Amino acid sequence: MTETEPEQSPFNVVVHDQGITVWVNSCNDAEVFDKNGGPVPCGHQRPAEGGL
């Protein structure tokens with residue numbers, strides 16, 4: 001969910017075999033929440049479990 005207009009493209013969501021990636025395109029603060037409403041910690045450049 002976003003509070004900006006869609007044409008401002010505030011974020012992109014990519015679903016892949018290792019999970020979901022959310023790319024924030026704006027310089028504003030952003031928070032990502034799971035389906036239960038809990039905050040998801042930042043995983044910026046976090047390696048996948050079990051190695052690189």
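We now turn to the structure provided with this report. (Residues numbered from 1 in each chain as written. Predicted model: local features only at pLDDT ≥ 70, side-chain atom pairs only at ≥ 80, totals over all residues. Heavy atoms only, no water.)

### Quick look at the overall build of the chain
From N to C terminus, the chain includes zero helices and two strands. The buried share among the 52 residues of the chain stands at 2%. Considering only intrachain contacts with a sequence separation of at least 6, the fraction spanning at least 24 residues in the chain is 0%. As presented, the chain carries roughly 5,200 Å² of accessible surface, and 53% of it is formed by carbon and sulfur atoms. (Helix = DSSP H or I, 4+ residues; strand = E, 2+ residues; numbered from the N terminus. Buried < 20%, exposed > 50% of the residue type's maximum accessible area, 1.4 Å probe, protein only. Contact = heavy atoms within 4.5 Å. Areas by Shrake-Rupley, 256 points an atom, 1.4 Å probe, with all protein chains shown as cover.)

### A look at the pairing of strand S1 (residues 11-16)
One face of the sheet, then the other: side chains in a regular strand alternate in exactly this way. Across six bridges, S1 lies against strand S2 (residues 19-24) in antiparallel orientation. The residue bridging Phe11 from the neighbouring strand is Val24, located in S2. As consecutive antiparallel partners, S1 and S2 are separated by two residues. (Pairing = 2+ DSSP bridges.)

### Some thoughts on the environment of Gln8
Inspection of the secondary structure assignment puts Gln8 in the segment before S1. You can call Gln8 exposed: its relative accessible area is 53%. C-alpha of Gln8 to C-alpha of Asn25: the two residues are 17 residues apart in sequence and 9.0 Å apart in space.

### Re the environment of Val13
With respect to the element layout, Val13 can be found in strand S1. Distance from Val13 to Val24, taken between C-alpha atoms, is 8.9 Å for residues 11 residues apart in sequence. If sequence neighbours within four positions are ignored, Val13 has contacts with Ile20, Thr21 and Val22.

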